[in-house]
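The residues making up each chain are set out below.
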Amino acid sequence: MLRLTICVIALVSQHVVDSDDHPKGHLQPLGRHRPPVGSIEERASFPTPLEMFEKYVRGSKPVIFRGILEKGMLPAYKLWTDSYLRENYGSEYVSVEKGKKENRKWDMLNITMSEFLDKYQKEDIYMVNDASVSMAEDINMPSMLLCGGFQRVVQNVIMWFSSGGTKSVLHNDGLDNVNCLIDGEKYLVMIDKKLKADVEETGWILNGQYSQVDVEKVDMYKFPKFRNLPWYEVKMQKGDCIFIPFKWYHHVDSKKGRNLAINVWIHHLSKFNASDCNATPTDENRFVSVAKFLQDNKKIDLRDFFLGELEDKEFIDWSFFEDLLKPSGQERADLKKLFGDLDADGDGKIVEHEVMMADLTRILKQLPTLQALVQGENPYDTSDQEESLAESLDPEDIMADYTENVFDDVLSEDLEHFVNSPKQTDTSRDEL
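The written sequence of each chain sets the order in which its residues are numbered from 1. Selection of residues for local features in this predicted model requires a pLDDT of at least 70, selection of side-chain atom pairs for listing and counting requires 80 or more, and totals for whole chains, interfaces and linings are taken over all residues. Hydrogen atoms and water are omitted, and side-chain values are computed over all heavy atoms in the structure.

1. Topic: the overall build of the protein
Working step 1: Each helix is a run of H or I in the DSSP string that is no shorter than four residues. Each strand is a run of E no shorter than two, and both are numbered from the N terminus. Assigned secondary structure in the protein consists of 18 helices and 14 strands.
Working step 2: Burial classification: accessible surface area is computed with a 1.4 Å probe over protein chains only, and a residue below 20% of its type maximum counts as buried, one above 50% as exposed, and the rest as partly exposed. For the protein, the residues scored as buried account for 51% of the 432 residues in total.
Working step 3: By definition in these notes, contact holds between two residues if any of their heavy atoms fall within 4.5 Å. Partitioning the contacts of the protein with sequence separation of at least 6, the portion at a separation of at least 24 is 81%.
Working step 4: When the accessible surface of the protein is split by element, carbon and sulfur atoms take 50% of a total near 20,300 Å². Computed with a 1.4 Å probe, the accessible areas rest on the Shrake-Rupley method; for each residue, only the protein chains presented here act as cover.

Right under this line is the structure:
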């Protein structure tokens, strides 16, 4: 009888413990809910531009290049000590976050490089700064991006600098990203963009493209789809570069100690121009400053901006369109008219062939500040730059580049067929 009583008590106790159990990973850092599905591909050298486009950009496949900076392709890797930065760029103003756990609702500080160097080892601050053209002279373009069209869609170069311990939100970017670690260590949680429905089901901020999940204490009840979410683990060391594809979700944790990285953001390339590479040497040891491409690319293709959004969507409806273009500062009535102009058949859905055939010359003349949205504003910079950007734009000059780049090899009869056809498949678009 005593033995039976003990067994019953044990079973009841076990039931109580089980009923109090939380989902695995509850209130723990992101990634503790299950083991990673693995790491990403590793390489010791850059691919050719064509392989970069076909395998990694169009294939939406992340890759890390181990120790690539040791080969000398990035002068900043050896040069950017604190003393060098102070001596050469000390008077330049830089954008700095207050706090090391990212909060996109906070305002940025604007201080000199010298002031930052005086404070960053003692205070919880984090530089997230759009590198100036002079700083970009110390940064070479990765050889895999020197031709094929990559060189024409460079948006900007961002400098990430702290004493370590920084944590980003879980987010994605509407750009392709090559991130190189000059000093320190970083740990990344990466999630395939195919898992959009799970990641964005709860707490997703569309205007900013980030999740409200607490990356240090994930609430598995508030974010139930995170309980079984597959993820990739990446550990970056000093000297590594990583390619993060367009729209892949990622969270970055910088380990303690001096932590300095740069990343080159490029617009998502929808078409590779092979002939462009015939006269361009792309040897890994050919070094060309990224500053050249920043200066050459003051005008970014608005068409590719919309095509990028259609990469994983069948169409853009009014609700998504309005949220997408709100940061441009345009009046709602103007955005409504623009939507109507792009929605050629009036069915309430903007599709790929409508974007391809839109009269962007006229659109940019009417709404020139749209260019600010796609030209390279630092997404962490809350200052209002729309007026100065609008004044500097020449829509006809912009569209001269559009015509040259988008329609290089397209015959007029192909375009006539294209505009009168239903939505194109990926295959037919590639053929066109």
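2. Considering the state of the cysteines
Working step 1: Note that a disulfide, as used here, is simply two cysteine sulfur atoms within 2.5 Å. The final tally for this structure, using the stated rule, is two disulfides.
Working step 2: Note that Cys180 is cross-linked by a disulfide to Cys241, the S-S spacing being 2.1 Å. The disulfide joining Cys180 to Cys241 has a torsion of about 110° about its S-S bond and is therefore right-handed. Here the residue Cys180 occupies a position in strand β7 (residues 176-183), and Cys241 occupies one in strand β12 (residues 241-244), the gap between them amounting to 61 residues.
Working step 3: Taking relative accessible area as the criterion, Cys180 reaches 3% and is therefore assigned buried.
Working step 4: According to the relative accessible area criterion, Cys241 is buried, its value standing at 0%.

3. Quick word on the sheet that holds strand β13 (residues 249-254)
Working step 1: Paired strands, in this sense, are two strands between which DSSP finds at least two bridges. Taken together, three strands build an open sheet; the order of strands is β11-β8-β13 and the sheet is antiparallel. Each of the sheet's edge strands pairs with one partner strand only, and the pair in question is β11 (232-237) and β13. Across the sheet, the axes of successive neighbouring strands diverge by a mean angle of 20°, strand direction being ignored.
Working step 2: In this structure, strand β8 (residues 185-191) lies alongside β11, joined through six bridges in antiparallel fashion. Residue pairing in the sheet places Met190 in a bridge with Tyr232 of β11. Where helices are involved, their axes are fitted lines through C-alpha atoms of the stretch in contact, as for all axes, and angles between N-to-C directions lie from 0 to 180°.

4. Focus on the pattern of salt bridges
Working step 1: Take a side-chain nitrogen of Lys or Arg and a carboxyl oxygen of Asp or Glu: if they are within 4 Å of each other, that pair is a salt bridge. Throughout the structure, instances matching the rule amount to 21 salt bridges.
Working step 2: The residue Arg66 makes a salt bridge to Asp240 at a minimum N-O spacing of 2.6 Å. Of this pair, Arg66 sits in the loop between β2 (63-65) and α3 (75-79) while Asp240 is found in the loop between β11 and β12, placing the two residues 174 residues apart along the sequence.
Working step 3: Note on Arg66: relative accessible area 26%, which makes it partly exposed.
Working step 4: Salt-bridge contacts for Asp253 lead to Lys255; the nearest nitrogen and oxygen are separated by 3.3 Å.
Working step 5: Given a relative accessible area of 11%, Asp253 falls into the buried group.

5. Here's the deal with the sheet that holds strand β1 (residues 41-43)
Working step 1: Within the open sheet, the nine strands sit side by side as β1-β2-β12-β7-β14-β6-β5-β3-β4. Their pairing is mixed. This sheet does not close on itself; its edge strands, each paired only once, are β1 and β4 (108-112). Looking at each pair of strands side by side, their axes are set apart by 25° on average, direction ignored.
Working step 2: Strand direction decides the pairing type here: strand β6 (residues 154-162) and strand β14 (residues 259-266), joined by eight bridges, are antiparallel. Counterpart to Val154 in the pairing with β14 is Ile266.
Working step 3: Most of the contacts of helix α2 (residues 49-57) go to β1, to which it runs at about 165°, and overall it touches β1, β2, β7 and β12.

6. What about the nonpolar core?
Working step 1: Throughout this description, the term nonpolar core refers to a set of buried Ala, Val, Leu, Ile, Met, Phe, Trp, Tyr and Cys residues connected via side-chain atoms within 4.5 Å. Membership of the largest hydrophobic core comes to 58 residues, with the highest contact counts inside it found for Leu74, Trp80 and Phe116.
Working step 2: In contact with Trp80, not counting residues within four places along its chain, are Leu85, Tyr89, Met135, Asp138, Ile139, Met159, Ile182, Arg258, Leu260 and Ile262.
Working step 3: Counting residues in hydrophobic clusters, the runner-up holds 22 residues, among them Leu307, Phe320, Ile350 and Val355.

7. Thoughts on the environment of Phe287
Working step 1: In this fold, Phe287 is placed in the loop between β14 and α8 (290-296).
Working step 2: Considered as a pair, Phe287 and Gly72 are 215 residues apart in the sequence and their alpha carbons are 8.8 Å apart.
Working step 3: With residues up to four places along the chain from it excluded, the contact list for Phe287 reads Lys71, Gly72, Met73 and Asn140.

8. Quick notes on helix α4 (residues 82-89)
Working step 1: For α4, the complete set of buried residues consists of Tyr84, Leu85 and Tyr89. Projected down its long axis, α4 carries its buried residues within an arc of 95°, all on one side. Those residues of α4 that are exposed and aimed more than 90 degrees away from the buried face are Ser83 and Glu87.
Working step 2: Contact partners of the buried residues in α4: α3, α5 (113-119), α6 (133-136) and β6. The arc in question is the one traced by the directions running from the helix axis out to the C-beta atoms.

9. Comments concerning helix α10 (residues 318-325)
Working step 1: Of all eight residues in α10, six are buried, a share of seventy percent or more.
Working step 2: When α10 is considered as a whole, its buried residues turn out to be Trp318, Phe320, Phe321, Glu322, Leu324 and Leu325.

10. A closer look at the environment of Ile266
Working step 1: Among the structural elements, Ile266 can be located in strand β14.
Working step 2: With relative accessibility at 2%, the residue Ile266 sits in the buried group.
Working step 3: With 114 residues separating them in the primary sequence, Ile266 and Arg152 have C-alpha atoms 8.8 Å apart.
Working step 4: Beyond its immediate stretch of four places on either side in the chain, Ile266 contacts Leu145, Phe150, Val153, Val154, Gln155, Leu175 and Asp176.

11. Re the pairing of β14
The side chains of a regular strand alternate, residue by residue, between the two faces of the sheet.
Working step 1: Buried residues dominate β14, accounting for eight of its eight residues.
Working step 2: Residue alternation in β14 divides its side chains into two sets, Asn259, Ala261, Asn263 and Trp265 and Leu260, Ile262, Val264 and Ile266, and both sets are buried.
Working step 3: Of the strand pairs in this sheet, β7 and β14 are connected by seven bridges, and their pairing is antiparallel. Its bridge partner being in β14, Asn179 is matched across the sheet by Asn263.

Any link to function would need more than the numbers given here.
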